[in-house]
There are 2 protein chains.
Amino acid sequence: MLIKVNRKELTKHISIVQKAISQRTTMQILEGIKITAKDNTLILAATDTEISIKTKLNAIVEREGEIVINSRLFGDIVRKLENDIININVENYTMNLKCGDSIFNISTQKADEYPDLPKVEDDIKLDISAKDLKNIVKKTTFAVSNDESRIVFTGVFMDIKKNFINFVALDGFRLAIQKLEKETGIENSIIIPSRSLNEFVKIIDNDIDVTLNISKNNIVFKFDNTIFYSTLLSGEFFSYSALLRDEHKISTIVSKREFQFAVERASLLAREDRANLIKLNVLENHINIKSNSEIGDVFEKVKTSEHEEILDIAFNSRYILDGVKILESEDIVLNFTDSVNPLIITEKGDDSYIYLVLPVRLAG
Amino acid sequence: MLIKVNRKELTKHISIVQKAISQRTTMQILEGIKITAKDNTLILAATDTEISIKTKLNAIVEREGEIVINSRLFGDIVRKLENDIININVENYTMNLKCGDSIFNISTQKADEYPDLPKVEDDIKLDISAKDLKNIVKKTTFAVSNDESRIVFTGVFMDIKKNFINFVALDGFRLAIQKLEKETGIENSIIIPSRSLNEFVKIIDNDIDVTLNISKNNIVFKFDNTIFYSTLLSGEFFSYSALLRDEHKISTIVSKREFQFAVERASLLAREDRANLIKLNVLENHINIKSNSEIGDVFEKVKTSEHEEILDIAFNSRYILDGVKILESEDIVLNFTDSVNPLIITEKGDDSYIYLVLPVRLAG
């Protein structure tokens, strides 16, 4: 391999593939980036077996070749170089890298020891804008379960319907659904590891379109010269639609900011020995929020729109706050049924996002 | 205690005294802030027995009083309130706090259980600008020892001479001296815990003057309405002046940036199994820097001003980088004597700061 490559371009593409390098792999070869030089193109590839990434950039290739080099060391070196052009020559599995007055000689590994990346199959093909994808990830992934023993709930359920897609995350205490209007023409569903979604949105800019290819065991995200592969989780997801009722005994509007701040203050006393327990007393035109612990108590009052019914209900404030914080509208809608059924929170004037929190049942 | 106080002012002063609250105290009373309301003034005080802080702010005091309240809880509550004015009423050791639609009732403790702060004695009095203090702290505290078994070297030695002060920090591998020109008229020396200096500079703005009062066991920093106390470390410091020679076999000028980046790159290969070992080959108009490990090797070349002598010398690159990174001048001076004597680094055109690194002796 004998190449000349632009340092800034190479830095950018190394950062992309490094998202697929695990910090704690036991296979030494997976600490590496596979580099292929061919047809005046450099292809960088990396995998942790769950996430795999392949990205291409232009380079002057004077002699083709293929090797694997330690990802962290190679990335750190390239990022710290200063000249515009890097000259790389690989012979006898040693990479000689020259840039300005810097010369590095680094051992590399054989490329044929590197695992193959998954094949891209075109079973289902969808286009989603980066902006929509970022919004979906922000609004759902925080609500997945951390419990590795029920692995399907660590993922986001992508429920594809003929003319919309629901992205659903839940952990047994709360549930988040982001709906995306889209003429897909099909019905299908998959479960994407939430880590894959979080890593993928880190490498995309806001103004691009992403193509998704979904097959039985994999999802592939494509944009520009980059392909991002993720394995899928297999198993039965929770049948969430039964939880979504349209009729609520109380449907009341609050300022997102006022409600969030009041719940945050009420949580201050409940955070340690009281498992974040706060009590809501929903009255005709305001909500009283109470909380107490050994050291004291707190009373908060938040104005709401007028409604007829009243209700007492208790929550773990953390689950309310997680969902309220990420909302963007000035006013939000709180939908209550009774003290044992979930609170359903939506943005006023936009029903594409639904956040549902189960109440805490109080003894007596 | 019955008071009205401005929320923003109170927030600011709580943040100041919280610098004296230890995260790991075993005395519950030291998790508290002592609040004294008197003469339309609120005095907040906190101590971890090494650092103590007292700060005053205006308040409308309708009934005087004195209590201790949990620092973290009180700070979190006040920071999260939203209205301008906070009403505080303490009766029977319960603080009732009202602000807008928020009401808190918090248990407090008796103020007479709180330890007394040190007395301020006027043995030695000096004024230093905040800007100079911040520079001193930045240029010295990073070089102190972390070894608690030789406690004096965890502090910064303040060596007061008749017309200057040297601030000295060392850990056995490197030494940093920041000199401050000042007509003190006295000769004295103390050792200030580096943590105290680091915490103190966090609470001062750049444009103020600070008054230092030094007595046998304490140093006191005063500004505006705040007093910051620190205990001193007692013991013999290292007699550093013998290390500072004026004559050097090689005294050569390099670009700070070029030298720093070359050493950083050379360190990339040496960081794990090689204890950051880099070798410098100082030639007549450049320095070659080499480093290697099992995975490879690196060669860097940095231009220097012309000089006659040449030298081979080795270092732990971390100690060089710690001192070079904080320098502000474009060019720096590297002074070498031989391969076993320290490298002395200064800023070009400013001899107020001296950074000295011991070389690594290579076998054979």
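Because the structure is a prediction, the values reported are computed rather than measured.

Caption draft 1: Representation of the overall build of chain A in the model. Of regular secondary structure, chain A possesses 6 helices and 26 strands. Its C-alpha atoms put chain A at 80 × 50 × 35 Å along the principal axes. Burial status across chain A gives 54% buried among its 364 residues. Taking the contacts inside chain A whose residues are at least 6 apart along the sequence as the reference set, 65% of them involve residues at least 24 apart. Carbon together with sulfur atoms contributes 44% to the accessible area of chain A, which is approximately 17,200 Å² in total.

Caption draft 2: Representation of the domain arrangement of chain A in the model. Residue and element names in this part refer to chain A. Considered domain by domain, chain A is made up of domain 1 (2-113), domain 2 (124-242) and domain 3 (245-357). Roughly 1,200 Å² of surface becomes buried between domain 1 and domain 2 when both sides are summed, with 55% attributable to carbon and sulfur atoms. Between domain 1 and domain 2 we count 2 salt bridges in total. Here domain 1 and domain 2 share 7 residue pairs in polar contact (both at pLDDT 80 or more) between them. The dominant element in the side of domain 1 that touches domain 2, judged by the number of residues it contributes, is strand β4 (residues 51-58), at 6 residues. The residue makeup of the side of domain 1 that touches domain 2, split by class, is 3 nonpolar, 3 polar and 5 charged.

Caption draft 3: A look at the packing of aromatic side chains. Taken as a whole, this structure holds 18 aromatic pairs over all chains when the rule is applied. Centre to centre, the rings of A:Phe157 and A:Phe237 are 4.5 Å apart; their planes meet at 5°, and the pair counts as stacked. Pair noted here: A:Phe157 is in strand β12 (residues 155-160) and A:Phe237 is in the loop between β18 (226-231) and β19 (250-255), with a separation of 80 residues, a long-range link. The two residues A:Phe157 and A:Phe237 agree in class, both being buried. An angle of 65° between the planes, with centres 5.0 Å apart, marks the rings of A:Phe200 and A:Phe228 as edge-to-face. Of this pair, A:Phe200 sits in helix α4 (residues 194-202) while A:Phe228 sits in strand β18, placing them 28 residues apart in sequence. Given a relative accessible area of 0%, A:Phe228 falls into the buried group. Ring pairs connect the aromatic residues A:Phe153, A:Phe157, A:Phe237 and A:Tyr240, which therefore count as one cluster. Here the basic side chain of B:Lys139 rests over the ring of B:Tyr353, its NZ or CZ set 5.1 Å away from the ring centre. Cation over ring: B:Lys179 sits above B:Phe164, and NZ or CZ is 4.6 Å from the ring centre.

Caption draft 4: Region of the structure containing the nonpolar core. A:Phe259 and B:Phe259 are the most contacted members of the largest nonpolar core, which has 210 residues in total. Top element by residues in this core is helix α5 (residues 256-270) of chain A. It accounts for 6 residues. Setting aside residues up to four positions removed in sequence, A:Phe259 forms contacts with A:Val254, A:Leu280, A:Ile289, A:Val302, A:Ile320, A:Val324, A:Ile332 and A:Leu334.

Caption draft 5: Expanded view of the pattern of salt bridges. According to the stated counting rule, one finds 32 salt bridges over all chains in the structure shown. A salt bridge links A:Asp322 to A:Arg318, with the nearest nitrogen and oxygen atoms 3.4 Å apart. On the criterion of helical spacing, the pair formed by A:Asp322 and A:Arg318 is a turn pair, its members being 4 residues apart in helix α6 (residues 317-325). A residue is classified by how much of its surface remains accessible, and A:Arg318, at 40% relative accessible area, is partly exposed. The salt bridge involving B:Asp48 is made with B:Arg195; its shortest N-O contact spans 2.5 Å. Remark: B:Arg195 occurs in helix α4 (residues 194-202) and B:Asp48 occurs in the loop between β3 (41-47) and β4 (51-58); sequence separation between them is 147 residues.

Caption draft 6: Molecular detail of the relation of the copies chain A and chain B. Expressed as a screw transformation, the operator carrying chain A onto chain B has a rotation angle of 180° and an axial translation of 0.0 Å, and the superposed copies differ by an RMSD of 0.0 Å. Here the two chains are linked by the operation of a two-fold rotation axis. Scanning chain A for the C-alpha nearest the rotation axis identifies A:Gln23, at a separation of 15 Å. When the interface residues of chain A are mapped onto chain B, 100% of them are again interface residues, pointing to one common binding face.

Caption draft 7: Summary view of the interface of chain A and chain B. Opposite the 31 residues of chain A that make contact, chain B presents 31 residues. Of the roughly 3,000 Å² buried at the junction of chain A and chain B (both faces included), carbon and sulfur atoms supply 49%. In this structure, the connection of chain A to chain B is made through 6 salt bridges. A salt bridge links B:Arg265 to A:Glu82, with the shortest nitrogen-to-oxygen separation between them at 3.1 Å. Linking chain A to chain B there are 20 residue pairs in polar contact (both at pLDDT 80 or more). When residues of the side of chain A that touches chain B are traced back to their parent elements, those giving at least two are α2 (71-80), β9 (102-107), α5 and β22 (296-303) of chain A.

Rules behind the numbers
Residues numbered from 1 in each chain as written. Chains lettered and ligands numbered in written order. Predicted model: local features only at pLDDT ≥ 70, side-chain atom pairs only at ≥ 80, totals over all residues. Heavy atoms only, no water. Helix = DSSP H or I, 4+ residues; strand = E, 2+ residues; numbered from the N terminus. Buried < 20%, exposed > 50% of the residue type's maximum accessible area, 1.4 Å probe, protein only. Contact = heavy atoms within 4.5 Å. Areas by Shrake-Rupley, 256 points an atom, 1.4 Å probe, with all protein chains shown as cover. Domains from an automatic or database assignment. Buried area = accessible area lost by both parts, 1.4 Å probe. Salt bridge = Lys/Arg side-chain N within 4 Å of Asp/Glu carboxyl O. Polar contact = N/O pair within 3.5 Å; in protein donor to acceptor, adjacent residues only side chain to side chain. Nonpolar A, V, L, I, M, F, W, Y, C, P; charged D, E, K, R; others polar. Phe/Tyr/Trp six-rings, centres within 6.5 Å; stacked < 30°, edge-to-face > 60°. Lys NZ or Arg CZ within 6 Å of the ring centre and 35° of its normal. Core = buried A, V, L, I, M, F, W, Y, C linked by side-chain atoms within 4.5 Å. Least-squares fit on C-alpha atoms with pLDDT ≥ 70 in both.

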